[in-house]
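# Remarks on the overall topology
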Amino acid sequence: MPWRPTSPESLESIQRLRKEVEERGDRRLALLLAGVELYATLGREFELLEIMRAFAHEMHEAVQGTPTARELEDLFNREPRA
């Protein structure tokens, strides 16, 4: 399986490998693999934050100037003009 740090399968594979290595007694390699796992997980979280930041910027432009929920409620509940 090719290594793609952001794929759930790759993260699960590295976790399984780390656990197997630790069970065999190779604590140094298990520690190294835990570092790789942490690095990959943090990279994935950072990627998600970047996506969320870009989305927030795009959405800000899309909703800028639109009425708030309170303004819409006031508009809906206002007395009709005669």
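Residues numbered from 1 in each chain as written. Predicted model: local features only at pLDDT ≥ 70, side-chain atom pairs only at ≥ 80, totals over all residues. Heavy atoms only, no water.

### What about helix α2 (residues 27-63)?
Inclusion rule: Only DSSP runs of H or I with at least four residues qualify as helices, and only runs of E with at least two residues qualify as strands; both kinds are numbered from the N terminus onward. What a helix is expected to span follows from its residue count: subtract one and scale by 1.5 Å. Residue burial is assigned from relative accessible area. The probe radius is 1.4 Å, only protein chains are included, and a residue is buried under 20% of its type maximum, exposed over 50%, and partly exposed in between. Residue contacts follow a heavy-atom distance rule, with two residues in contact if any of their heavy atoms lie within 4.5 Å.
Its 37 residues give α2 an end-to-end C-alpha distance of 53 Å, which sits within 8% of 54 Å, the value for a rise of 1.5 Å per residue. Residues A30, L33, E37 and A40 constitute the buried set of α2. Packing partners of the buried residues in α2 comprise α1 (8-24). Two residues or fewer after α2 comes G65, characterised by a positive phi angle close to 90 degrees.

### Considerations on the pattern of salt bridges
We count it as follows: The term salt bridge refers to a side-chain nitrogen of Lys or Arg lying within 4 Å of a carboxyl oxygen of Asp or Glu.
Evaluated as defined, the whole model comprises five salt bridges. The shortest N-O distance in the salt bridge between R53 and E50 comes to 3.7 Å. In this pair, R53 and E50 are both assigned in helix α2, three residues apart and thus about one turn of the helix distant. The exposure class assigned to R53 is exposed, which follows from its relative accessible area of 55%. E50 sits in the partly exposed class, given a relative accessible area of 32%. A salt bridge links R70 to E73, with the shortest nitrogen-to-oxygen separation between them at 3.8 Å.

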